[in-house]
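Residues per chain, in single letters:
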Amino acid sequence: MATFFGEVVVAPSRAGLDEEEEAREETPEDREIRREIEKKRYWRRGRIDVLWTWQASGRGEEPLVCSRFIVAIGRNAAAFLSSFILDSVCWEVVGVVKLWNEWCRTSSTTNVLPTDSFCLFYRLISDPTVLLCQCSCYVAEDQQFQWLEKVFGSMQKKGLQVTILSTCPVADYKTQESTLTLVSPFLKALKTKEFQEQVCCPLLEQPNIVRDLPAA
Amino acid sequence: MFIPCDRGGDSAAPDFKGFTLLMPAVSVGNVGQLAIDLVISTLDMTKVGYFYTDCLVPMVGNNPYATAEENSMELSINAEVYSLPSKKLVVLQIRSPFIKNKYRPFCETLLSWVKSSKCARVVLLSSSHAYQRDDEQLLGTPLRYLLTPDLEKAVGGRMKELNWKEMEKVAAYPGISDTDKVLHIPGGGITKLLFTESCSEGIQMAVLLKFCSEGDNIPDAFVLVNYLNEWLQLIKSEVSTSNNSTDLSSPWKIPSSWRLLFGNGLPPALF
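Because the structure is a prediction, the values reported are computed rather than measured.

Participant: Looking at this model, I keep getting lost on the sheet that holds strand β8 (residues 121–129) of chain B. Mind explaining?
Facilitator: Note: strands within a sheet are paired through backbone hydrogen bonds, in either parallel or antiparallel orientation. All names here are of chain B. Read across the sheet, eight strands follow the order β1-β3-β6-β7-β2-β8-β12-β9 without closing on themselves; strand pairing throughout is mixed. Since the sheet does not close on itself, it has two edges, and those belong to β1 (2–4) and β9 (143–147), each with one partner. Each strand of the sheet is rotated relative to its neighbour by a mean of 25 degrees, with strand direction disregarded. Bridge count for strand β2 (residues 20–24) against strand β7 (residues 89–94) is three bridges, and the pairing is parallel. Each residue of the ladder has a partner; that of L21, found in β7, is V90. Each of β2, β6 (79–84), β7, β8 and β12 (205–212) is contacted by helix α1 (residues 31–42), which is oriented at about 135 degrees to β7, the strand it contacts most. Contacting β8, β9 and β12, helix α4 (residues 149–161) runs over the sheet at an angle of about 140 degrees to β9.

Structure (structure tokens):
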């Protein structure tokens, strides 16, 4: 692509990354180093571990019976739960997700600060089948599938209802009018056809979409 | 990989034996995907299932082909399958980019699904960077086709009748004249990989591609879908003979999700 100044630059394409099979100009040593870096990065980044409190006490790998699962993804949604829902009287920490990527790393500690990146699971003490997840860390696109499989794989679903809370920048919302005139709080929902209850806000209209972990 | 939709009483998985699978490559300008949107929207195709895959970036939204309030609330995800049995057509739409290092696993799984579902042939809609054309390619039609050897026997003659141009191979080492010619589709995403794998696995595949650049690719999508229609005759194209012009867009229905492709309305406070 030529710019206004006459230079030719390679523009990013909506096709995504170019084919990996394109021949690269590199020596065998460079190729080996690149492969090692990619392998290490893949190994560190590829691993996601879900640790439950009962595993530490030696109770083994029993699946958690879950009827309601509320997931808050992103710092805003996690903060919403911390401010309005969670407290140490009614909720107990039952698990944590440990992952690493270039943007953040979570640890296995459950004693976290609001500014940390974390992914914690809480259970309602009065009804242990109600589970809540606060995920303030960024889960990279090549980790999202694994996150899902590991988290949902640990559960025994019993008429499971899942609620996902998430936020998106207003600038991403596509509408005919200006985004300055939108009401606040501006809420939209997506639901599966199996969800028969009343939704508390309007549904997300085309052409808007949701991506990343909430979409997964 | 393929999960059929639960259509109430009909619990049997859909049968695609002998069908033509039409699908896009995620490529420059997303032209293939836009063309597929036009096909699904115009033929009012029914969703019959989706691909459960970790190879594509996740996304979800409401029905992109909604025409009214009643049908606008069905969820839609990144890889869905639509079918039109009357034309023996099954269409795969891909709505998000591939995750790094997942091209090959996706292609392998896709081709094994093609074989297990006994599709007769695959038609891949794609595009390639216009700026990579050589001097000869700059002239004439920007549309090209490719056929695997198995499909060449069946439809190669038809392509000649239509006066279509086959995608040229380029020198493996440009500048050196006495060198092997290879297939090169820059900006084509998984096109080359799928095509070469299909050749070696004996799958009947055709690739239809257009040279284009990033930008407003809606006209490119119309050109590509009309090119496809010349061969497959999915819809009747109306040619106005009286004033010698063809309105390329008229028979195709633009889906509602194409609204606001280039951003929101302007804030009044700007003026």
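Once you've had a look at it, read on.
Participant: It is not clear to me how the packing of helix α2 (residues 103–116) of chain B against helix α5 (residues 191–201) of chain B should be interpreted in this structure. Could you clarify?
Facilitator: The description of two helices packed together rests on the angle between their axes and the distance between the axes. All names here are of chain B. Running from amino to carboxyl end, α2 crosses α5 at an angle of 45 degrees, the nearest separation of the two axes being 10 Å. Considering the angle they form, α2 stands oblique to α5. For the pair α2 and α5, the crossing hand works out as right-handed. On α5, the residues touching Y103, R104, C107, L110, L111 and K115 of α2 are L193, L194, E197, S198 and E201. Its residues assigned to classes, the contact of α2 with α5 shows six nonpolar, one polar and four charged.

Participant: Sorry, what's going on with the sheet that holds strand β7 (residues 209–211) of chain A here?
Facilitator: Taking strand neighbours across the sheet as the criterion, the three strands line up as β7(A)-β4(B)-β5(B) in an open arrangement whose pairing is antiparallel. Each edge of the sheet is formed by a strand with only one pairing partner; in this case those strands are β7 of chain A together with β5 (75–77) of chain B. Here the strands of the sheet are splayed against their neighbours by 25 degrees on average, with no regard to which way each runs. Sheet topology note: the strand β4 (residues 59–62) of chain B/β5 of chain B ladder contains three bridges and is antiparallel. Looking at the pairing, G61 of chain B lines up with S76 of chain B of β5 of chain B.

Participant: Sorry if this is basic, but what is going on with α5 of chain B here?
Facilitator: Note on helix geometry: an α-helix contains 3.6 residues per turn, so any two residues three or four positions apart are oriented the same way. Residues and elements named next belong to chain B. Those residues of α5 not exposed but buried are T191, L193, L194, F195, E197 and S198. In this structure, the buried side of α5 is in contact with β2, α2, β8, β9 and β12. Following α5 by one or two positions, G202 has its phi on the positive side, about 70 degrees.

Participant: What's the story with the pattern of salt bridges in this structure? I'm lost.
Facilitator: Between side chains of opposite charge, a pair can form when the charged atoms approach closely. Residue and element names in this part refer to chain B. Under the counting rule described, the total for this entry stands at 11 salt bridges over all chains. Between E80 and K47 there is a salt bridge, and its shortest N-O distance comes to 2.8 Å. Separated by 33 residues along the polypeptide, E80 in strand β6 and K47 in strand β3 (residues 46–51) bring together distant segments of the chain. By the burial criterion, E80 is buried, and K47 matches it. Of the charged contacts, one joins R95 and E80 as a salt bridge, the two residues approaching to 2.8 Å between their closest N and O atoms. Note that R95 is positioned in the loop between β7 and α2 and E80 in strand β6, a separation of 15 residues in sequence. The buried category is assigned to E80, whose relative accessible area is 3%.

Participant: Help me understand α2 of chain B in this model?
Facilitator: Residues and elements named next belong to chain B. Its 14 residues give α2 an end-to-end C-alpha distance of 20 Å, which sits within 8% of 20 Å, the value for a rise of 1.5 Å per residue. Listed as buried for α2 are Y103, F106, C107, L110, L111, W113 and V114. Taken down its axis, α2 places every buried residue within 155 degrees of arc, on the same side. In this structure, the buried residues of α2 make contact with β1, β2, β3, β7, β8 and α5. Positive phi appears at K118, one or two residues downstream of α2, with a value of about 60 degrees.

Participant: How do you make sense of the interface of chain B and chain A when you look at a structure like this?
Facilitator: By a frequent convention, interface size equals the accessible area lost on bringing the separate parts together. Across the contact, 44 residues belong to chain B and 39 residues belong to chain A. Carbon and sulfur atoms supply 53% of the area that chain B and chain A bury against each other, a total of about 3,600 Å² over both sides. Of all residues in chain B, P58, Y103 and N264 of chain B bury the most surface against chain A, accounting for 15% of the area lost on that side. Where chain B meets chain A, there are zero salt bridges. Elements represented by at least two residues in the side of chain B that touches chain A include exactly β4 and α2 of chain B. Looking at which element gives the most residues to the side of chain B that touches chain A, the answer is β4 of chain B, with four residues. Across the side of chain B that touches chain A, the residue classes tally to 19 nonpolar, 19 polar and six charged. Inspection of the sheet shows β7 of chain A paired to β4 of chain B by three bridges, in the antiparallel sense. Pairing of I209 of chain A across the sheet is with G61 of chain B, part of β4 of chain B.

Here is what the cut-offs are and how they apply
- Residues numbered from 1 in each chain as written.
- Chains lettered and ligands numbered in written order.
- Predicted model: local features only at pLDDT ≥ 70, side-chain atom pairs only at ≥ 80, totals over all residues.
- Heavy atoms only, no water.
- Pairing = 2+ DSSP bridges.
- Helix = DSSP H or I, 4+ residues; strand = E, 2+ residues; numbered from the N terminus.
- Axes fitted to C-alpha atoms, helices over the stretch in contact; angles between N-to-C directions.
- Contact = heavy atoms within 4.5 Å.
- Parallel < 35°, antiparallel > 145°, perpendicular 65-115°, else oblique.
- Left-handed = near helix turned anticlockwise from the far one by under 90°.
- Nonpolar A, V, L, I, M, F, W, Y, C, P; charged D, E, K, R; others polar.
- Buried < 20%, exposed > 50% of the residue type's maximum accessible area, 1.4 Å probe, protein only.
- Salt bridge = Lys/Arg side-chain N within 4 Å of Asp/Glu carboxyl O.
- Expected span 1.5 Å × (residues − 1).
- Arc of directions from axis to C-beta.
- Buried area = accessible area lost by both parts, 1.4 Å probe.

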